[in-house]
Amino acid sequence: MKMRRLCTFLLAVLQLLLPLVLTGCWDSVELNRRAIVSGVAIDRGEGEKEKYVVSFQVIVAEEISGKNTRGISPVVLYTGKGRTMFEALANASRQTARFLSLGHVRVLVISEKLAREGIKDMLDVLERESDTRLTSLIFVAKGQPASELMSTMTVFSKIPANDLVEKLETTSKQFGYNFRMEVDDVIRGIQLRGGGPVINGVFTDGSREKADSNDNFKTIVPHAILKVSELAAFKDDKLKGWIKGDAALGTVLLHNKIKEYPVVISHPQGGYIAFNVYQSQVRLTVAAKDPEHPVFTVKISQQVSIKENANELNLISPATVVDLSSHVIKDTTRKIKDAIDTARKYNSDYLGFGEAMERENPQGWKKVMKHWEDIFADCEYKIEADAVIRHTDMRSNSFQVNP
Amino acid sequence: MDTKRRTGRQLKSADSAGSGSRAPRLSEVLAESIENIQGELGYSPDLKVRKVEIGVENPVQAAALHLSGLADKTSVNEFVVGSLLLNTDGWAQEYEDSSPDLPALLLSRILEVGEAEVQEDWNDIMLAVLSGDTAILIDGYTLAIICETRGGETRSVEESSSQMVVRGPKDGFVESVGTNVSLIRRRIRSSKLRLEFMKLGTETKTHVAMMYMKEIANEDLVEEVRERLNRIANEEVLESGYLEELIQDKTFTPFPTIYNTERPDVVAGNLLEGRVVVIVDGTPFVLILPAVFTQFFQSAEDYAQRFDIAILMRIVRYVSFIVLLLGPSVYIAFTTYHYEMIPTTLLINLLSQRENVPFPAFVEALLMEGAFEILREAGVRMPRAIGQTVSVVGALILGSAVVEAGIITPIMVIVIALTGIASFAIPAYNMAIAGRIIRFAFLLLAGMFGFYGITLGLIVLVAHMNSLRSFGLPYLSPFVPLSVMDQKDTILRLPVWLMEPGQSPQQIRAEMPEFKQVTSGHESELAPLIKKNENRGKQPKGEGEAK
Amino acid sequence: MGKVKIGLLQFFTLTVLFELGTALVVNLGMNAGRDAWMSILIGCLAGLVMFWGYVYLYRKHPDMPFTAYTRKLLGTTAGTPVAVMYIVLYMNLAGRDLRDGSTMLAMATMHNTPLFILSMLMILSSAYVLHKGLEVLTRTSLMFTIIVLLIGVFSLLLLILSGSIKLFRLLPVLENGIGPVMDSVVHQNYMFPFGEMICFTMLMPYLSDVKKGPWVIAAGMLISALLLSATMALNISVLGADIVERSPLPLMPTISKISISDFIQRVDIFVVMVLIIGVFFKVSVFFAAALIGISELFNLPYRRMVYPVTLMILFTSMLDARSFTEHLNEGGRLLYTVYPLFMIVIPVILIIVTAIRSYFSAPRPG
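An unreviewed UniProt entry annotates chain B as Spore germination protein B1 of Paenibacillus auburnensis. The UniProt entry for chain B carries this comment under Sequence similarities (unreviewed entry): "Belongs to the GerABKA family."

Per an unreviewed UniProt entry, chain A carries the name Spore germination protein B3 and comes from Paenibacillus auburnensis. Taken verbatim from the UniProt record of chain A, the Sequence similarities (unreviewed entry) comment is "Belongs to the GerABKC lipoprotein family." Entered under Subcellular location (unreviewed entry) in the UniProt record, the comment concerning chain A runs "Membrane".

So, in structure tokens, the structure goes:
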């Protein structure tokens, strides 16, 4: 009896001690052994052997919030080359003293060159690797190497990658030209039959000369500024071209990602009027009885406020306001038309018309999906826009000279 | 195993056998009896022998023995010795006339003490003397009259130092079992309150009182407690902790399964809930059993404060227990395993803190936890004045110096301090200690396996708690097994009228209909309101009843 | 062990955790594509029918575990091998689930920790709990069901707040008709996780209420099916059918889409917690079933067999396959070749034998 109790006790002790003896802390990595990567730039290198040139923007934490800073740059850029992304990472890690940790990558910038060649291969690792996050934002560097965007000093955030994220958020919130495009959004976009993803463009404006040091903003006007602008239109996984201006806004509208954007119309009575569209809801429906000839209907309802009106319009009268809103409707319709025309120009249904069709008539979709590009190119569509001017802000009529 | 099984009866016979070798007995010769008793106690100088003569015509030799300091001097002097000497004239006649049963006469006519009895058994007499009673030996009789004169110096009733409240009764138990019982009796004036005395400890013969409410407490429970107490055959029972270890259900667990308190109001409340209370002489800490997990998170104050405040305080306590258990380990798991979860800005902050720290986070945590435990232990044992110095030196100087020197990261100091403070938020000290011990296990698991270790540790911990029982009651009840009706006083503390059915504020307030109307009126100004009220007062019928 | 009776609520939560187990985090029923949620519900209905068969047997023999009435019905010579086979089945299932769990864990966070250590830690915790008794296991399940549900509600709330749920990704429903859904049901869903309820035939003798007990367990199955189905629908509506189909642990990327103003982010550790809890209870239930079978069949004390069986399960799980792909493939094949024999064929035979016996014995009580 006693022996057995002793035995069970010993077993219990063994049970506790054995793992302790056997384990080392395999997965444990101290924070000061990590190099936190905030942004990744992917360029197309020369030849097949160096297909990917991947630059990692690593945070130098002590420089950002430490007590004894050395006055060095808050981030460093390490570059690795390889046939695959993973090889490039391994290559880059030769230069770093610490483990490159991808858990906090907030920005991925792909160079235009690589984007035109196709981004499918490089996306796999982002999806597969458990360390990277699906919520990283993807950008395409417009007309310049992606690494340049990761090596431009920024004023408002010591980490350029964070600055880029914040810029995107600001533009998408205030002016509506861009919207958040995360890794999985891009992957789903690539899988759109006959279409592709739409990715935000980014470029640096100004001289590159002193962009990568603190000198960049020692003057009031920075030498180089990161700018988020334009949208890269993809067909499958290849960049086809850039969407600009109204077409870009229309595209964002059609993706239903708009939060707020300004509208400026020139009034027949002379002068310009500026509106702020602060709510906008788009519904895309399709009549697809005949899958070869679908008819799409874009329904938009918007809420608008007047921001600027230096004219003599009588804004107290409801008729004037209704008249003004019809101008906004016209403007919106034009933007959407522009967007669809651009998509047709690039021969890519990145607007999701095919998806709508698939939801409406899955059997019909199967028949036409192979040659969807052709149907998309000349299908019918209607735009039913509606806009309401909810208020005129803090004044009704504008003040006039010597009234 | 064998010693544990020994029952009370066996115990007695063993004792008498042990003392049989010297065989001190009461003798018919008084001097011999006194000699025997003195011999048994090793001629101890504090054994006082007062010899008297009873009667005038045929004086009988007698002696009163007591231990000075244990016995109450006034009672011995005035009521025992005094009564023996004073009434000599009156009863001597009677004695000579009637029966020669002197002890009976003494008991019935002479002795002025409240409690006295004839005792013949040697061991009982010794026990009585050692407890502070006075033994009267009479020449020619092999018996002693035991007079209850227990007294002597004890601490007076003060506020309990271990469980303080802001609002609530301020009296606390003392070291005397009699006083403690009286403190409880004073709160429950019910004939259902039952008290049983027993003497535990073969050498210490400690008075142990068991109290319960008849009809409320479960019969089986009472029987079980009685059984377990009776089986105790230890030499010494100096504190209720001795009993706790002997009668609890399971030894190898960090969790306490018996509650202890210094507060009579807590005991009274628990008695009314059907629990059994064990009071040990010589300690102000009273045992309450069975005790389940939730009980250790209740404080006497909960019932004195408003119920919503009480609920909030309880939630705070449970949260602080979780913080105590998991605080450092979750920090370790986050920083060394799941850094991706930390918000980027915070991560940068942590990184820059860790930059020049020589230790891994795990060692850091272990060091600081160790230092904290040392500080606490030092602070507890110190005299109060120095104790504060210790805490100041420890908390302020050591903490900031360690950070200044760059040995420990500031965030780690914050985490450790938080867990330390959390451990003080748990009302029951022994539960806090349990949490402090388990915390180290979780620290180890987190250091080796991150969240995997923590989650498995939690499962094993909960399973362990589920396997515990306190006198048959599952330790986690009423959560597991879940009983909705018993949730009134767990994490929740419902208003008193909800806990006890049959009484509601509506019923109580209903007797004041006028008052009710005034307060629920829509009038905004006070003056006309009062006037109206006066008017209504003149014709009190009607409206109140109509409602 | 024989006298312990376990409350209904505890059995309910044990059923829920057992059913959710690994199924909650894997891409369940993805043969049906976007309609996986539907195939789970249909699978549950099929599972309920099967379960009612087990209940029939249980009601006829309320005090016996499966292995006991097998021998009673089939005779000792035929019954004993069958009972042994069932014990092996339970140990195999426990081992497979252990492998599932530890590999998923290795994929998700513990990349460098040896699989053996992960498995060992898990099975040792399980052994500890079972050493304390079946009752402790069921009681513990109550607490952890609440934790899992809380995590679920919390994650759902965060997902809604981060605006990642796009219900239109579930459309169109039944794109290719009911065919793929039924295919998924037949190949997987009626067996996994619902057919695995066979092991509850070993636990049901401990039910405190013969009448209500099976209903409570069935309710547990139904609720977990709803939860599973909702979870799959959630996965698909967040990630899209294709990504879910290609992820072995779709719940993780789903939850990792949570991002609230860059403060609450990457809470996928919650999924890992749910995974650990689920695997733990699943393994433990199979483990318990095997233990009960062994102690009943060979008349051995329950506690003495805990550690030997621990070792057997641990090594089964380690030697099961070289890679996870192999392991899954083998599991997929077992799921519709071997398991139906145990979960349908033998119980049906037993039911028939019981029915015939009671038919012949009932009218002639003499």
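Q: Tell me about the overall build of chain B, residues and numbers included.
A: When helices and strands are tallied, chain B shows 23 helices and twelve strands. For chain B, the proportion of its 547 residues judged to be buried stands at 47%. In chain B, of all internal contacts separated by at least 6 residues, the share reaching a separation of at least 24 is 66%. Summed over its atoms, the accessible surface of chain B is roughly 27,200 Å², and 57% of this surface lies on carbon and sulfur atoms.

Q: Summarise the overall build of chain A; cite the residues concerned and give the values.
A: Helix and strand content of chain A: 13 helices and 13 strands. Residues counted as buried form 53% of the 403 residues belonging to chain A. In chain A, the share of contacts with a sequence separation of at least 24, taken over all contacts with a separation of at least 6, comes to 70%. For chain A, the exposed surface amounts to about 19,200 Å²; the carbon and sulfur share of it is 54%. Measuring between centres, the 54 positive side-chain charges of chain A sit 5 Å from its 51 negative side-chain charges.

Q: Give a description of the side chain of A:Asp131 that names residues and reports values.
A: With respect to the element layout, A:Asp131 can be found in the loop between helix 5 (120-128) and strand 6 (137-141). No salt bridge is formed by the buried A:Asp131. Its closest oppositely charged neighbour is C:Arg266, at 5.0 Å. Of the polar contacts made by the side chain of A:Asp131, one reaches the side chain of B:Tyr339; its length is 3.0 Å. With near-sequence residues (within four places) excluded, A:Asp131 lies in contact with A:Ser101, A:Leu102, A:Gly103, B:Tyr339, B:Glu340 and C:Arg266.

Q: Account for the interface of chain C and chain B, with residues named and values stated.
A: The interface is formed by 31 residues belonging to chain C together with 28 residues belonging to chain B. Surface buried jointly by chain C and chain B totals about 2,800 Å² across both partners, of which 76% is contributed by carbon and sulfur atoms. In terms of surface lost to chain B, no three residues of chain C exceed C:Leu121, C:Arg139 and C:Ile269, which account for 21% of the buried area on that side. At the junction of chain C and chain B, the tally comes to one salt bridge. Across the pair C:Glu135 and B:Arg469 runs a salt bridge, and its minimum N-O distance is 3.8 Å. Looking at the side of chain C that touches chain B, the elements with two or more residues in it are helix 1 (8-20), helix 4 (115-132), helix 5 (134-162) and helix 11 (269-297) of chain C. Counted by class, the side of chain C that touches chain B contains 20 nonpolar, six polar and five charged residues.

Q: Any chance you could break down the pattern of salt bridges for me, citing the residues and the numbers?
A: Residues and elements named next belong to chain B. Counted according to the given criterion, the structure contains 55 salt bridges over all chains. A salt bridge links Arg226 to Glu223; the shortest N-O distance between them is 2.7 Å. You can see Arg226 and its partner Glu223 sitting in helix 9 (residues 219-230), three residues apart, about one turn around the helix. For Arg226, a relative accessible area of 21% gives the class partly exposed.

Q: I'd like to hear about the domain arrangement of chain B, residue by residue, with values.
A: Where interface size is quoted, it is often the accessible area lost as the parts come together. According to the domain assignment, chain B consists of domain 1 (23-147), domain 2 (177-291) and domain 3 (307-488). Taken over C-alpha atoms, the centre of domain 1 of chain B sits 62 Å from the centre of domain 3 of chain B.

Q: So what's going on with the packing of aromatic side chains? Which residues, and what values?
A: Given two aromatic rings, one states the distance between the centres and the angle between the planes to describe the pair. The tally for this structure, following the rule as stated, stands at 28 aromatic pairs over all chains. Measuring from centroid to centroid gives 5.6 Å for A:Phe353 and A:Phe376, while their planes differ by 85°, and the two rings are edge-to-face. In this pair, A:Phe353 is assigned in helix 11 (residues 353-360) and A:Phe376 in helix 13 (residues 372-377), connecting sequence segments 23 residues apart. Each of the two residues, A:Phe353 as well as A:Phe376, counts as buried. Both rings, one in C:Phe154 and one in C:Phe270, keep their centres 5.6 Å apart while their planes meet at 85°; by these two values the pair is edge-to-face. With a gap of 116 residues between them, C:Phe154 in helix 5 and C:Phe270 in helix 11 connect regions that are remote in the sequence. In textbook terms, an aromatic cluster arises when at least three aromatic residues are bridged by ring pairs, as seen for B:Phe255, B:Phe293, B:Phe297, B:Tyr318, B:Phe321 and B:Tyr475. Between the NZ or CZ atom of A:Arg344 and the centre of the ring of A:Phe376, over which it lies, the distance is 5.9 Å. Lying over the aromatic face of B:Phe471, B:Arg228 brings its terminal NZ or CZ to 4.2 Å of the ring centre.

Q: For the environment of B:Glu262, give the residues involved together with the corresponding values.
A: All names here are of chain B. Considering the arrangement of structural elements, one finds Glu262 in the loop between strand 8 (259-261) and helix 11 (264-272). Assessed through its relative accessible area of 5%, Glu262 is described here as buried. A C-alpha to C-alpha distance of 43 Å links Glu262 and Ala62, two positions 200 residues apart in sequence. Those residues within four positions of Glu262 in sequence are excluded, and the remaining contacts are Ser160, Ser161, Ser162, Gln163, Gly172, Phe173, Pro284 and Phe285.

Q: Can you tell me about the domain arrangement of chain A, naming the residues and giving the values?
A: All names here are of chain A. With domains assigned, chain A is organised as domain 1 (33-243) and domain 2 (244-403). Centre-to-centre separation of domain 1 and domain 2, based on C-alpha positions: 32 Å. In this assembly, 25 residues from domain 1 lie in contact with 26 residues from domain 2. Carbon and sulfur atoms make up 62% of the surface buried where domain 1 meets domain 2, a total of about 2,100 Å² over both sides. Among the residues of domain 1 in contact with domain 2, Phe179, Arg193 and Ile243 are the three that bury the most area, contributing 31% of the side total. Where domain 1 packs against domain 2, one counts two salt bridges. Taken together, the connections running from domain 1 to domain 2 amount to seven residue pairs in polar contact (both at pLDDT 80 or more). Counting residues per element, the ones that place at least two in the side of domain 1 that touches domain 2 are helix 7 (160-174), strand 8 (224-235) and strand 9 (238-243).

About the criteria used
- Residues numbered from 1 in each chain as written.
- Chains lettered and ligands numbered in written order.
- Predicted model: local features only at pLDDT ≥ 70, side-chain atom pairs only at ≥ 80, totals over all residues.
- Heavy atoms only, no water.
- UniProt positions renumbered as here; feature names shortened; annotations may be inferred.
- Helix = DSSP H or I, 4+ residues; strand = E, 2+ residues; numbered from the N terminus.
- Buried < 20%, exposed > 50% of the residue type's maximum accessible area, 1.4 Å probe, protein only.
- Contact = heavy atoms within 4.5 Å.
- Areas by Shrake-Rupley, 256 points an atom, 1.4 Å probe, with all protein chains shown as cover.
- Lys, Arg positive; Asp, Glu negative; His and termini not counted.
- Charge placed at Lys NZ, Arg CZ, Asp CG, Glu CD.
- Salt bridge = Lys/Arg side-chain N within 4 Å of Asp/Glu carboxyl O.
- Polar contact = N/O pair within 3.5 Å; in protein donor to acceptor, adjacent residues only side chain to side chain.
- Buried area = accessible area lost by both parts, 1.4 Å probe.
- Nonpolar A, V, L, I, M, F, W, Y, C, P; charged D, E, K, R; others polar.
- Domains from an automatic or database assignment.
- Phe/Tyr/Trp six-rings, centres within 6.5 Å; stacked < 30°, edge-to-face > 60°.
- Lys NZ or Arg CZ within 6 Å of the ring centre and 35° of its normal.

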